[in-house]
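# An overview of the molecular structure
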Amino acid sequence: MTAQRRIILTGATGLIGSALSQRLTSIGYEVIPFRSRHDGPGGFNHLTGKIDREALEGAHAVIHLAGESIAQSWDEAAKERILASRRDGTRLLSEALAGLKQKPEVFLSMSGINRYGLTRKEILDETATVSAEGFLPAVTEAWENATLSASEGGIRTVLLRTSLVLSANGGGLRKMLPAFRLGLGGPIGGGRQRMCWIGLPDLIELILWAMENPAVHGPVNAVAPQPVTQAEFARTLGAVLHRPSFLPMPAWALSLLFGQMGRETILGDLAARPAVALDGGFRFAKPDLASALRQAIGE
């Protein structure tokens, strides 16, 4: 396998990484998993500062998906783990890539639409002013800044700002399905706050498109073109499952259950538009929520 077909992938065993690895392999790429928190060959560890630079030499692309899970209780220790895994891990990888003799053509690093802040009056695209007010906005700011060594080293760098990824096999949708299948689902916190989403297959194709398109660099909103309100999401999921979806969860109950994590994710107003993808010619296979949910639940 030539270097032009070799892809280094962190987070290869996760929901997105597993699907991406299968897709890349199916079209002839060689995917090399690059393990996080691993001091030996084929990995890197932001806790010790060790990284296998030799494994990175001459790859066509490096796709960085690894990071501590957001979906946990945010005590101070968890916050530090979440921040350090993204900031320090990405910086370690970015600096190593910049120092290679044979650098990759492109470095794609995951991020999130929280980079724009937690509330917004309009649907934002990649040209919008960003905010670091709140924990997740601060994390995504540090996360994206940690890629600077790679971009300053001449590597085309893409920041994939994503949100809820629809799959029955993992992520937020998988956790919602049992309640909705029992007819116990409904809008959360009044249901007026807007949210972004993307079907897993569309996200995989968007990552592939960004990797193979040399004109793409910088922030890319990796979300579907039609954000919805929490109420619309609940109503659509109930309809797809042929179940009622009118039992609300008040904001105070969510805050009691999940604390700051719930307030910054489910209760945030997080609408964004994938302008870079749409203007660049990318076409979503499932641009509307109902069809994307039917696809996800039928996986």
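Above this text you will find the structure in question.
Just so you know, the residues in each chain are numbered from 1, in the order the chain's sequence is written. This being a predicted model, a pLDDT of at least 70 is required before a residue's local features are given, and a value of 80 or more before pairs of side-chain atoms are given or counted; all residues contribute to the totals for chains, interfaces and linings. In computing side-chain properties, one takes all heavy atoms of the structure into account and sets aside hydrogens as well as water.

Only one rule defines a salt bridge in this text: a Lys or Arg side-chain nitrogen within 4 Å of an Asp or Glu carboxyl oxygen. Applying the stated criterion across every chain yields a total of ten salt bridges. Of the charged contacts, one joins Glu-144 and Arg-161 as a salt bridge, the two residues approaching to 2.7 Å between their closest N and O atoms. Residue Glu-144 is found in helix α4 (residues 135–145), and its partner Arg-161 is found in strand β8 (residues 156–162); the two are separated by 17 residues along the sequence. Each member of the pair, Glu-144 together with Arg-161, is buried. In this structure, a network of salt bridges that share partners links the residues Glu-80, Arg-87, Asp-88 and Arg-91. Think of it this way: any DSSP run of H or I at least four residues long counts as a helix, any run of E at least two long counts as a strand, and we number them from the N terminus. Any residue under 20% of the maximum accessible area for its type is buried, any over 50% is exposed, and the rest in between are partly exposed; the area is computed with a 1.4 Å probe on protein chains only.

This part is about the nonpolar core. Think of a nonpolar core as a cluster: buried Ala, Val, Leu, Ile, Met, Phe, Trp, Tyr and Cys residues, connected wherever their side-chain atoms sit within 4.5 Å. Within the largest apolar cluster, 34 residues are counted, with the highest numbers of intra-cluster contacts made by Ile-16, Leu-24, Ile-63, Leu-108 and Met-211. Where this core is concerned, the elements lending two or more residues are β1 (6–10), α1 (15–26), β6 (61–64), β7 (106–112), β8, α7 (200–212) and β12 (218–222). Trp-197, Val-240, Leu-289 and Leu-293 belong to the second-largest nonpolar core, a separate cluster that totals 19 residues.

Attention now moves to the packing of helix α8 (residues 230–241) against helix α11 (residues 289–297). Between N-to-C directions, angles span 0 to 180 degrees; the directions come from axes that are lines fitted to C-alpha atoms, helices contributing only their stretch in contact. It is at 10 Å that the axes of α8 and α11 come closest, and there the two elements cross at 50 degrees. The angle between the axes of α8 and α11 places the two elements in the oblique class. You can see that α8 and α11 cross each other, and the crossing is right-handed. Packed against α8, whose contacting residues are Glu-232, Phe-233, Thr-236, Leu-237, Val-240 and Leu-241, the element α11 presents Leu-289, Ala-290, Leu-293, Arg-294 and Ile-297 at the interface. All residues other than Ala, Val, Leu, Ile, Met, Phe, Trp, Tyr, Cys, Pro, Asp, Glu, Lys and Arg, Gly among them, are scored as polar; the first ten of these are nonpolar and the last four charged. Along the lines of polarity and charge, the residues of the contact of α8 with α11 split into eight nonpolar, one polar and two charged. In this scheme, roughly parallel covers angles under 35 degrees and roughly antiparallel covers those over 145, while 65 to 115 is roughly perpendicular and the rest are oblique. Crossings are classed by handedness, with left-handed meaning an anticlockwise turn of the near helix from the far one by less than a right angle and right-handed meaning a clockwise turn. Note on definitions: a residue-residue contact is assigned when non-hydrogen atoms from the two residues lie within 4.5 Å.

To continue, consider the packing of helix α6 (residues 171–181) against α8. For any two helices packed against each other, one specifies the inter-axial angle together with the distance between the axes. Where α6 contacts α8, the two axes come as close as 11 Å, and the packing angle between them is 65 degrees. Viewed along their axes, α6 and α8 form a crossing whose handedness is right-handed. For the pair α6 and α8, contact is made by Leu-173, Met-176, Leu-177, Phe-180 and Arg-181 and by Phe-233, Ala-234, Leu-237, Gly-238 and Leu-241, respectively. Here the contact of α6 with α8 is composed, by residue class, of eight nonpolar, one polar and one charged.

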